[in-house]
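Topology and contacts: notes
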Amino acid sequence: MEDDSSLSSSSSSSLALSIKLYSYWESSCSWRVRFALKLKGLPYEYKPVDLRKGEQLSPEFEKISPLQYVPVLVDDGVVVSDSLAILMYLEDKYPQNQLLPTDPRRRAVNLQGSIEKKLGKEECLAWAQQVIEKGFTALEKLLKDCAGSYSTGDEVSMADVFLAPQISVAISRFQIAMSKFPTLSKIHESCKALPAFQASLPEKQPDYPDPARSTIA
């Protein structure tokens, strides 16, 4: 890991000092957390972990997270690994700009394990398009009756935090034709217009290489 880290732009220096995000620019799991932090208006210190170099396996990083993967959030001494666990932690500790709807049905859709599982595993390159399209077909059916501008209505929610980065990866890396998924396409376009999403883009991260040549997700 690099010694130098970058501070996410924000006016609040006190929170910036307390929240650290160990991330890799190309990791879609890390992207979810960056998106959520921006949506909640939480400044954070970006700590790059180069997966291509195996920095997540270093003794230094193992001391921070024995699970040895990104993302990892450190907040005032509290260490949280796994993107969903991090999102739930942020939702509980920082309730501003809530990502989970209060409506029971919409909240349940956000929390369904199938939201993440149906996205597929990006590392299965040989079957990537088939797996992703199968997952998107299921999500299209799941969300078509409750989606508005976003996944579960007209307010951005946790489901969008998971979906938007994954759809971007599916389009850019796996050439998925989103015309087959009109509901997901509409959600993606709505998220793309958000300043928080734009700020969380891989190419906006301090460890983004130029040109990018990695294939890790």
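For the structure, see preceding data.
Remember, predicted model here, so these are calculated numbers, not experimental data. (Residues numbered from 1 in each chain as written. Predicted model: local features only at pLDDT ≥ 70, side-chain atom pairs only at ≥ 80, totals over all residues. Heavy atoms only, no water.)

1. Concerning the overall build of the protein
Scanning the protein for helices and strands turns up 10 helices and five strands. When the 217 residues of the protein are sorted by exposure, 52% land in the buried category. Sequence separation of 24 or more characterises 69% of the internal contacts of the protein that already satisfy a separation of 6 or more. In the form shown here, the protein has an accessible surface area of approximately 10500 Å², with 52% of it arising from carbon and sulfur atoms. (Helix = DSSP H or I, 4+ residues; strand = E, 2+ residues; numbered from the N terminus. Buried < 20%, exposed > 50% of the residue type's maximum accessible area, 1.4 Å probe, protein only. Contact = heavy atoms within 4.5 Å. Areas by Shrake-Rupley, 256 points an atom, 1.4 Å probe, with all protein chains shown as cover.)

2. Re unusual backbone geometry
Looking along the chain, the bond that leaves Val70 and enters Pro71 is cis, with omega of 5°. Positive phi outside glycine occurs at Asn97, with the angle close to 50°. In this structure, Asn97 sits in the loop between helix 4 (83-93) and helix 5 (104-111).

3. Quick look at the packing of aromatic side chains
Any pair of aromatic rings gets described here by the distance separating the centres and the angle formed by the planes. Following the criterion strictly, the structure yields six aromatic pairs and no others. When the centroid spacing of 5.9 Å and the interplanar angle of 55° are considered together, the rings of Tyr24 and Trp25 count as tilted. The same class applies to Tyr24 as to Trp25, namely buried. Plain terms: the ring middles of Trp25 and Tyr208 are 4.9 Å apart, the flat faces sit at 90° to each other, and that makes the pair edge-to-face. Highlighted residues: Trp25 in the loop between strand 2 (19-23) and helix 2 (28-39) and Tyr208 in the segment after helix 10 (195-200), separated in sequence by 183 residues. An aromatic cluster of three or more residues is present, and its members are Tyr24, Trp25 and Tyr208. (Phe/Tyr/Trp six-rings, centres within 6.5 Å; stacked < 30°, edge-to-face > 60°.)

4. Let's talk about the pairing of strand 5 (residues 78-81)
Two strands pair when backbone bridges link them, and strand 4 (residues 72-75) and strand 5 are joined in this way by four bridges, in the antiparallel orientation. Each residue of the ladder has a partner; that of Val74, found in strand 5, is Val79. Hairpin connection from strand 4 to strand 5: two residues lie between these consecutive antiparallel strands, with Asp76 at a positive phi of about 55°. (Pairing = 2+ DSSP bridges.)

5. Some details on the environment of Pro48
Examined against the element boundaries, Pro48 turns out to sit in strand 3 (residues 45-48). When the C-alpha positions of Pro48 and Pro71 are compared, they lie 9.8 Å apart, and in sequence the two are 23 residues distant.

6. Observations regarding the packing of helix 7 (residues 128-143) against helix 9 (residues 182-192)
Relative to each other, helix 7 and helix 9 sit at 80°, their axes nearing to 8 Å. Considering their axes alone, helix 7 and helix 9 lie roughly perpendicular with respect to each other. From helix 7, Phe136, Leu139, Glu140 and Leu143 reach across to helix 9, where they touch Pro182, Thr183, Leu184 and Ile187. When its residues are assigned to classes, the contact of helix 7 with helix 9 shows six nonpolar, one polar and one charged. (Axes fitted to C-alpha atoms, helices over the stretch in contact; angles between N-to-C directions. Parallel < 35°, antiparallel > 145°, perpendicular 65-115°, else oblique. Nonpolar A, V, L, I, M, F, W, Y, C, P; charged D, E, K, R; others polar.)

7. Some remarks on the packing of helix 2 against helix 4
Interaxial distance between helix 2 and helix 4 falls to 9 Å at its minimum, and their mutual angle equals 10°. Put simply, helix 2 runs roughly parallel to helix 4. Along the contact surface, helix 2 presents Cys29, Arg32, Val33, Ala36 and Leu37, while helix 4 presents Ser83, Ile86, Leu87 and Leu90. Residue classes in the contact of helix 2 with helix 4 are distributed as seven nonpolar, one polar and one charged.

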